[in-house]
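Close look at the chain arrangement
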Amino acid sequence: MQENVQKVLAQIRPTLQRDGGDVEFVRLDDDNVVQVRLTGACKGCPMSRVTLKEGIEKFVKSELPTIRAVEAVD
């Protein structure tokens, strides 16, 4: 499952990179919660929470329905 999550994140990455940001996979926990690290312009952006929940999480869950959530970690 971890490999599938990384493949889905790879599909999102070019969109974030166009705006100077990026997302790194950190881990997938036992509750199917994906932990990611937002980097570049995404790290300090006031819209990063919206990007995480309405962009990244929504896309990951649509591609991998068993994923419960996507959370950002430092």
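All values derive from a computational prediction rather than experimental measurement.

What follows is about the nonpolar core. A general trend in soluble globular proteins is that nonpolar side chains are found buried together. Counting 18 residues, the largest nonpolar core has Leu9, Val34, Ile56 and Val60 as its most contacted members. Among the secondary structure elements, those contributing two or more residues to this core are α1 (2–18), β1 (21–28), β2 (33–40) and α3 (48–63). By residue number, the principal contributor to this core is α1, which donates 5 residues. The residues contacting Leu9, other than those within four sequence positions of it, are Val23, Phe25, Val36, Ile56 and Val60.

All right, on to the pattern of salt bridges then. Under the defined criterion, the tally for this structure stands at 5 salt bridges. Among the ionic pairs, Glu3 bridges to Lys7, the shortest N-O distance being 3.4 Å. Residue Glu3 and its partner Lys7 are located together in helix α1, separated by 4 residues, close to a single helical turn. Among the salt bridges present, the one from Arg37 reaches Glu24, with a minimum N-O distance of 3.3 Å. Of the two residues, Arg37 sits in strand β2 while Glu24 sits in strand β1, which places them 13 residues apart along the sequence.

Turning our attention to the sheet that holds strand β3 (residues 69–72). Pairing is mixed across the open sheet formed by 3 strands, whose spatial order is β1-β2-β3. Lying at the two open borders of the sheet, with one neighbouring strand each, are β1 and β3. Pairwise comparison of adjacent strand axes, ignoring direction, gives a mean angle of 35° for this sheet. Bridge count between β1 and β2: 7 bridges; the pairing is antiparallel. Bridged to Gly21 within β2 is Gly40. Most of the contacts of α1 go to β1, to which it runs at about 165°, and overall it touches β1 and β2. Sheet contacts for α3: β1, β2 and β3; angle to β3, the most-contacted strand, approximately 145°.

Parameters at a glance
Within each chain, residue numbers correspond to sequence positions counted from 1 in written order. This being a predicted model, a pLDDT of at least 70 is required before a residue's local features are given, and a value of 80 or more before pairs of side-chain atoms are given or counted; all residues contribute to the totals for chains, interfaces and linings. The basis for the side-chain values is all heavy atoms of the structure; hydrogens and waters are excluded. Buried Ala, Val, Leu, Ile, Met, Phe, Trp, Tyr and Cys residues that are joined via side-chain atoms within 4.5 Å together make up what is termed a nonpolar core. Three labels apply to residues, based on accessible area from a 1.4 Å probe with only protein chains included: buried if under 20% of the type maximum, exposed if over 50%, partly exposed otherwise in between. Here a strand is any run of E in DSSP of at least two residues, a helix any run of H or I of at least four, and the numbering for each starts at the N terminus. Any two residues whose heavy atoms approach within 4.5 Å are treated as being in contact. A pairing counts as a salt bridge when a side-chain nitrogen of Lys or Arg comes within 4 Å of a carboxyl oxygen of Asp or Glu. The rule for pairing is simple: two strands pair if DSSP sees at least two bridges between them. For every element, the axis is a line fit to its C-alpha atoms; helices are fit only across the contacting stretch, and the angle between N-to-C directions ranges from 0 to 180 degrees.

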